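# Understanding the architecture of this molecule
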Amino acid sequence: MKSITTEKNGTATFKIFRKDPSRDSEGRYDEFEVPVEEGMSVLDGVNYIVEHIDPTLSVRWNCKAARCGSCAAEINGYPKLMCKTHISDLPSQIKLDPMGAFPLVKDLVADVSSNFDIDRRIPGFSPRKTSEKPWVMYDIDVARSQEFRKCIECFLCQDVCHVVRDHSSKYIGPRHVVKAAALDMHPMDTADRSVLLTKEKGLGLCNVTKCCQEVCPEHIAITDNAIIPEKERAADKLYDPVLSLLDKFLNRTGKQGEK
Amino acid sequence: MEYDTYSCDVLILGSGGAGLRAALAALDSNCSVIIISKSLLGKAHTVMAEGGIAASVANVDTKDNWKVHFADTIIEGDYIGNWQMAEILAKEAPDAVYELERMGALFDRTQDGKIMQRAFGGHTYKRLCHVGDKTGLEIIRTLEDGILHRKAVIFDETLATTLTKDDESGRITGAVGLHMRSGRFAAFIAKSVVIATGGLGRIYKVTSNSWESTGDGIALAFKSGAELSDMEMVQFHPTGMVWPNAARGLLVTESVRGEGGLLYNSKGERFMLKYSPEKKELDARDVVARSIYYEIQKGNCTEHGGVYLDIMHKGPDFIKKKLPGMYTQFMEFANVDITKERMEVAPTVHYFMGGIRTDPESCMTNISGLFAAGEAASGLHGANRLGGNSLADILIFGRRAGTHAAEYAKQAEMPEIKSSTIISEIKRVKEFLADGRNEAGPYSLLDRLRDAMQQHLGIIREEKSMKEGLEKVRSIRSELKKVKTSGTTSFNHGLMECIALENMALLAECMFLSAIERKESRGAHTRSDYPKKSIKWKLNILCSNKSGSIKLSHSSLSLMPKELSEIIGEEHYN
């Protein structure tokens with residue numbers, strides 16, 4: 001269990017990356033001294049700077065409660081949410097960088113809009129035609145997909161992924177495999193996204209180092225429960241000769257519960 | 001002066017549940033849609049909604065039906081809610097839930113595979129369809145997924161700074177906005193506009209609301225001539241975190257009480273037995289918030305100035321399954337294990353019942369072509385909102401606003417916005433930027449505004465104090481001209497806050513004026529100088545813009561048909 005410092009009058013030094021790409025060719029680090037109160041998060045520290053020292057410091061945040069995933073950044077080199085990282089858990093020097101896997105907007109703000117373009121190209125929810133109304137589904141069947149639907153789209157998993165960071169790679173990244181898995185494992189969905197992920201979206205390039213799983217603030221088992229099952233499903237469909245013949249013969253997509 | 005120009009049939013301000021649902025509805029009607037949103041797509045305040053959607057699907061309590069939901073909504077809204085809206089809500093909520101399910105939402109299930117429902121304050125039956133304590137996230141993701149696969153144009157991180165109107169006809173023509181990521185201004189020309197920008201919790205110091213809840217859409221509508229209603233009605237959620245300071249105000253979901261959580265004061269008394277012997281912890285929010293407030297005032301408070309909320313008796317497995325968000329929130333923000341320790345809680349500003357006045361059927365305002373839905377609109381919740389009704393509200397009235405805005409657009413010509421209008425708006429916004437550095441920025445005035453609201457327009461109100469508050473707000477408004485901040489137009493929080501401050505200060509004045517006007521205690525509006533409810537005040541107070549100044553008026557309630565008034569029975573005054 002982590003400790004929350006009770007020391008009231010300490011200070012922390014924030015060393016923050018600054019760059020406005022429309023004006024600066026190089027980035028720099030600015031240093032700020034911030035008074036630290038009990039229970040203060042890194043985001044509280046950054047907001048202190050914006051409100052009291054430098055209002056031009058750009059930062060993205062919304063809920064301050066680890067529910068929206070806006071304030072992702074690299075804190076002393078680790079991809080984390082600023083709102084749920086306590087200053088007291090860090091050394092007194094705190095270095096902040098924007099997520100490096102994305103283009104920079106300004107200072108700590110990364111341009112994550114490419115993620116929405118990726119989402120657009122993953123087939124959406126495709127429910128099976130049924131006259132059953134309302135749908136009957138059981139907790140045990142919805143639980144798998146529900147785990148992935150907890151994703152708050154902070155994109156820390158994308159940021160930490162070394163395959164995504166290699167910009168020549170066509171791998172769409174962990175967040176989007178989780179998204180695809182959430183749909184594939186939805187009890188009513190009929191589409192299959194595993195083959196698309198493997199053939200076109202570079203899923204095979206993921207070498208399961210599980211870094212994404214480690215940084216997920218929602219503790220989604222990204223690699224174990226989404227990436228590996230999607231890889232296995234694709235392998236079954238693409239490389240199992242018996243199954244693929246059967247699929248062809250029976251004209252089926254191989255999803256459970258489909259008739 | 002450079003700016004970009006876009007045009008569409010239906011322009012939607014806001015990308016929360018109401019905005020996205022409106023967008024889907026307008027697309028269904030084959031209209032072109034632009035969504036502009038102050039926050040990043042998927043981050044709107046809807047993600048913070050925890051407890052569930054109220055809908056009488058009667059999966060758990062089979063006796064439930066729309067009539068009971070209707071009666072609960074009107075009665076707990078203390079009889080000044082709009083009955084037509086409440087009827088629509090109660091009747092359409094089950095379909096709205098099933099529709100969301102067919103779009104891919106996965107609710108928690110009952111043993112026999114139906115949507116699970118939980119108890120909530122003020123609801124007669126177990127009525128809230130939910131996903132653990134993260135229902136809002138499920139709604140926003142489902143709608144976001146839907147919208148990403150449709151042809152909507154989305155400008156997120158774009159702040160609308162003004163609405164535009166045609167001088168002659170008075171109809172709406174679009175909006176001018178600032179795209180934060182590029183720092184560029186844009187004119188959005190539209191045949192109709194839907195405001196779905198949410199509430200204004202951040203006018204207060206202690207609130208559960210996110211960064212963006214600054215009432216921008218409500219203020220913009222007012223400035224362009226739309227009537228506002230019920231501006232005195234602010235919901236204090238009974239349970240917000242009190243400690244540590246940095247987490248003060250964060251919501252502790254009502255689901256904790258819905259799932260069996262009990263409230264105790266520092267003496268160990270379960271005080272709700274005294275204030276509300278029948279409904280106890282699950283009475284409506286205004287009642288529970290006041291009770292906690294009284295206990296704290298009496299000095300029966302905890303170390304950090306709250307009361308205790310205890311769910312330990314339910315056991316760790318149950319708590320982690322049903323309240324996973326609360327478990328981690330307390331673990332991570334307060335280092336408290338709620339399966340082993342009690343939570344400390346106190347009221348926090350949570351929801352705004354007031355807002356833009358709309359037609360119940362079409363969601364259109366008094367301005368031709370301008371629609372509003374969700375928390376930015378008013379009427380449905382009366383003097384107090386029931387938990388779970390806001391998520392039903394955004395889906396049902398979001399859809400209606402989108403459909404009717406599309407219908408309006410189909411009949412309308414594409415308007416124009418004069419370039420002089422656009423340029424003068426850009427100039428106005430740029431006035432906030434000083435050339436040099438080291439400007440004070442909006443933060444000291446913001447602090448003063450939030451202090452004034454917290455101190456003078458809290459849970460218990462009184463004439464003299466409110467008048468002091470009003471004076472403070474007026475003096476803040478007179479100082480707005482001097483507010484300057486540094487930097488450029490690109491992703492500048494100081495600039496965003498300057499714009500928000502101006503909107504919030506305007507709305508604050510409306511709120512004080514309306515609260516001083518209502519000389520009774522009703523719902524969330526409790527006055528120590530007028531502690532009783534009065535039949536004289538069974539009406540709505542309106543604010544309208546009369547050439548720049550705020551004019552108050554009274555609007556009587558429309559007569560409820562007999563078959564509906566029979567459902568709710570007599571209102572009692574003593």
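Residue numbers here run from 1 along each chain, matching the order of that chain's written sequence. All chains are assigned letters beginning with A, and all ligands numbers beginning with 1, in the order in which they are written. Under the rules for a predicted model, residues below a pLDDT of 70 receive no local features and side-chain atom pairs below 80 are neither given nor counted, while totals for whole chains, interfaces and linings still include all residues. With hydrogens and water stripped out, all remaining heavy atoms of the structure feed into the side-chain values.

## Observations concerning the overall build of chain B
Regarding its fold elements, chain B presents 16 helices and 20 strands. In terms of overall dimensions, chain B is globule-like: its C-alpha atoms have a radius of gyration of 23 Å, near the 25 Å expected for 574 residues. Principal-axis analysis of the C-alpha atoms gives chain B an extent of 65 × 50 × 50 Å. Classification of the 574 residues of chain B by burial places 68% in the buried group. Only heavy atoms matter for contacts: two residues are in contact if any of them lie within 4.5 Å across the pair. For chain B, contacts bridging at least 24 residues in sequence account for 75% of all contacts bridging at least 6. The method behind every accessible area is Shrake-Rupley, applied with a 1.4 Å probe, and residues are considered shielded solely by the protein chains displayed. Surface summary for chain B: the accessible area is close to 19,100 Å², and the carbon and sulfur share equals 48%. Under the convention used here, Asp and Glu are negative, Lys and Arg are positive, and both His and the chain ends fall outside the count. Charge coordinates come from a single atom per side chain, which is NZ of Lys, CZ of Arg, CG of Asp or CD of Glu. Looking at charge distribution, chain B has the averaged site of its 72 positive side-chain charges lying 2 Å from that of its 74 negative ones. Secondary structure counts use DSSP, requiring at least four H or I residues in a row for a helix and at least two E residues in a row for a strand, with both numbered from the N terminus. Computation of the radius of gyration draws on C-alpha atoms alone. For the globule rule, the value is 2.2 Å times the number of residues to the power 0.38. Only protein chains enter the accessibility calculation, which uses a 1.4 Å probe. A residue is then buried if its area is under 20% of the maximum for its type, exposed if over 50%, and partly exposed in between.

## Description of the environment of Lys482(B)
All names here are of chain B. Within the secondary structure, Lys-482 is located in the loop between helix H14 (463-479) and helix H15 (493-517). Looking at Lys-482, the relative accessible area reads 65%, which means it is exposed. Distance from Lys-482 to Pro-442, taken between C-alpha atoms, is 9.6 Å for residues 40 residues apart in sequence.

## A few points about the pairing of strand S9 (residues 184-195) of chain B
Residue and element names in this part refer to chain B. Among the 12 residues in S9, 11 count as buried, and that is most of the element. Between any two strands, pairing holds if DSSP finds at least two bridges. Hairpin geometry of strand S8 (residues 172-179) and S9 is characterised by an intervening segment of four residues between the two adjacent antiparallel strands and by a positive phi of about 75° at Gly-183. Bridge count between S9 and strand S16 (residues 370-372): three bridges; the pairing is parallel. Paired with Val-193 across the bridge in S16 is Leu-370.

## Looking at the interface of chain A and chain B
Listed per partner, the contact involves 68 residues of chain A and 65 residues of chain B. Two parts placed together each lose some accessible area; with a 1.4 Å probe, that loss summed over both constitutes the buried area. Of all residues in chain A, Asn62(A), Arg67(A) and Arg149(A) bury the most surface against chain B, accounting for 14% of the area lost on that side. Think of a salt bridge as a Lys or Arg side-chain nitrogen and an Asp or Glu carboxyl oxygen that are within 4 Å of each other. Seen at the junction of chain A and chain B, the total is eight salt bridges. Note that Glu218(A) and Lys134(B) form a salt bridge whose closest N and O atoms lie 2.8 Å from each other. The term polar contact refers here to a pair of N or O atoms within 3.5 Å; inside protein, the definition further demands a hydrogen-donor-capable atom paired with an acceptor-capable atom, and it admits residues adjacent in sequence only when both atoms are side-chain atoms. Counting the contacts that link chain A with chain B gives 32 residue pairs in polar contact (both at pLDDT 80 or more). Going through the elements one at a time, helix H1 (42-52), strand S6 (104-106), helix H2 (114-120), helix H3 (139-149) and helix H6 (174-184) of chain A are the ones with two or more residues in the side of chain A that touches chain B.

## Quick word on the confidence of the model for chain A
One number per residue, pLDDT, summarises how confident the predictor is, and it ranges from 0 to 100. Looking at chain A as a whole, the pLDDT averages 91, with 93% of positions reaching at least 70. Here residues 1-8 of chain A scores under 50 on pLDDT; set against residues more than four positions off or in separate chains, the count is 23 contacts.

## Regarding unusual backbone geometry
The omega torsion of the bond from Lys133(A) to Pro134(A) falls at -10°, within 30 degrees of zero and hence cis. Tracing the backbone through its elements, the reader meets Pro134(A) in the loop between H2 and H3. The phi dihedral of Asn335(B) is positive, around 60°, even though this residue is not glycine. You can see Asn335(B) is positioned in the loop between helix H10 (324-334) and strand S14 (343-352).

## Digging into the pattern of salt bridges
Applying the stated criterion to the full structure yields 71 salt bridges over all chains. The partner of Asp30(A) in a salt bridge is Arg28(A), with the nearest N and O atoms 3.0 Å apart. A single salt-bridge network, built from bridges that share partners, covers Asp78(B), Glu232(B), Arg518(B), Glu520(B), Arg522(B), Lys533(B), Lys538(B) and Glu571(B).

## Observations concerning the confidence of the model for chain B
In this model, chain B carries a mean pLDDT of 96, and residues with pLDDT of at least 70 account for 99%. Overall fold confidence (pTM) sits at 0.95, and the ipTM for the predicted complex is 0.94.

## Some words on the domain arrangement of chain B
All names here are of chain B. Domain ranges listed in this record stem from an automatic or a database domain assignment. Segmentation of chain B into domains returns domain 1 (240-348) and domain 2 (434-535). Averaged C-alpha coordinates put domain 1 and domain 2 at centres separated by 29 Å. Facing the six residues of domain 1 at the interface are five residues of domain 2. Taking both sides of the interface into account, the surface hidden between domain 1 and domain 2 amounts to around 430 Å²; carbon and sulfur atoms contribute 72%. Sorting the residues of domain 1 by area buried against domain 2 places Asp-286, Arg-290 and Tyr-293 first, and these three jointly supply 79% of that buried surface. For the interface between domain 1 and domain 2, the tally reads zero salt bridges.

## Some details on the sheet that holds strand S19 (residues 539-546) of chain B
Residues and elements named next belong to chain B. Read from one edge of the open sheet, four strands run S15-S10-S19-S20, paired in antiparallel fashion. Taken across any chain shown, the strands that pair with only one partner, and hence form the sheet edges, are strand S15 (355-356) and strand S20 (549-556). Where strand S10 (residues 228-229) and S19 come together, two bridges link them in antiparallel fashion. Residue pairing for S19: Ser-229 is matched across the bridge by Leu-542.

## Some thoughts on the side chain of Arg450(B)
Within the secondary structure, Arg450(B) is located in helix H13 (residues 443-456). Within the buried core, Arg450(B) has no salt-bridge partner, and the shortest N-O distance to an opposite charge, that of Glu497(B), equals 4.7 Å.

## A closer look at the environment of Tyr530(B)
Residues and elements named next belong to chain B. Along the chain, Tyr-530 falls in the loop between strand S18 (526-527) and S19. Tyr-530 sits in the partly exposed class, given a relative accessible area of 32%. Along the backbone, Tyr-530 and Ser-486 are 44 residues apart, and their C-alpha atoms lie at a distance of 46 Å. Among all residues touching Tyr-530, those that are not within four sequence positions of it are Glu-463, Lys-519, Glu-520 and Ser-521.

## Re the packing of aromatic side chains
Residue and element names in this part refer to chain B. Aromatic pairs are defined between Phe, Tyr and Trp rings, using the six-membered ring for Trp, whenever the two ring centres lie within 6.5 Å; interplanar angles under 30 degrees are classed as stacked, those over 60 as edge-to-face, and all others as tilted. If you walk through the whole model with that rule in mind, you get 13 aromatic pairs over all chains. Aromatic pair Tyr-6 and Phe-188: ring centres 5.6 Å apart, planes at 20°, arrangement stacked. Here Phe-188 lies in strand S9 and Tyr-6 lies in strand S1 (residues 4-13), a separation of 182 residues in the sequence. Relative accessible area serves as the criterion here: at 1%, Phe-188 is assigned to the buried category. On the basis of an interplanar angle of 75° and a centroid distance of 6.2 Å, the ring pair of Phe-371 and Tyr-408 is categorised as edge-to-face. Taken together, the residues Phe-371 in strand S16 and Tyr-408 in helix H11 (residues 389-411) connect sequence positions 37 residues apart. Accessibility assignment for this pair places Phe-371 and Tyr-408 in one class, buried. Taken together, the ring pairs connect Phe-271, Tyr-275, Tyr-293 and Tyr-294 into an aromatic cluster. Positioned above the aromatic ring of Phe-318 is the side chain of Lys-314, whose terminal nitrogen or guanidinium carbon lies 5.1 Å from the ring centre. Sitting over a ring, as applied to charges here, requires NZ of Lys or CZ of Arg to be within 6 Å of the ring centre and within 35 degrees of the ring normal. Stacked on the ring of Tyr-308, the Lys or Arg Arg-342 has its end atom at 3.7 Å from the ring centre.

## Examining helix H2 (residues 66-76) of chain B
Residues and elements named next belong to chain B. Along H2, eight of the 11 residues are buried, which leaves the element largely enclosed by surrounding structure. Residues of H2 that are buried include every one of Val-68, His-69, Phe-70, Ala-71, Asp-72, Thr-73, Ile-74 and Glu-76, and no others. For H2, the secondary structure elements touched by its buried residues are strand S3 (53-54), helix H3 (83-102), H11 and helix H16 (562-568). For H2, the N-terminal cap is Asn-65; the gap from its side-chain oxygen to the backbone nitrogen of Lys-67 is 2.8 Å. Trailing H2 by a residue or two, Asp-78 shows a phi angle of about 55°, which is positive.

## Side note on the nonpolar core
One finds Phe14(A), Met82(A), Leu96(A), Val10(B), Leu11(B) and Met511(B) to be the most contacted residues of the largest nonpolar core, which totals 223 residues. Here this core takes 17 residues from H15(B), the largest share from any one element. Two domains share this core, each providing at least three of its residues, namely domain 1 (240-348) and domain 2 (434-535) of chain B. Among buried residues, the Ala, Val, Leu, Ile, Met, Phe, Trp, Tyr and Cys ones that are joined through side-chain atoms within 4.5 Å form a nonpolar core. Ranked by size, the runner-up nonpolar core spans 25 residues in total, among them Cys161(A), Tyr171(A), Ile172(A) and Leu197(A).

## Comments concerning a nonpolar patch on the surface
Residues Val242(A), Leu246(A), Phe249(A) and Leu250(A) make up a contiguous nonpolar surface patch of roughly 430 Å² in combined accessible area. Here Leu246(A) is to be found in helix H10 (residues 241-250). To count toward a patch, a residue needs a relative accessible area above 30% and no salt bridge. Like charges then connect within 9 Å, nonpolar side chains (Val, Leu, Ile, Met, Phe, Trp, Tyr) within 5 Å.

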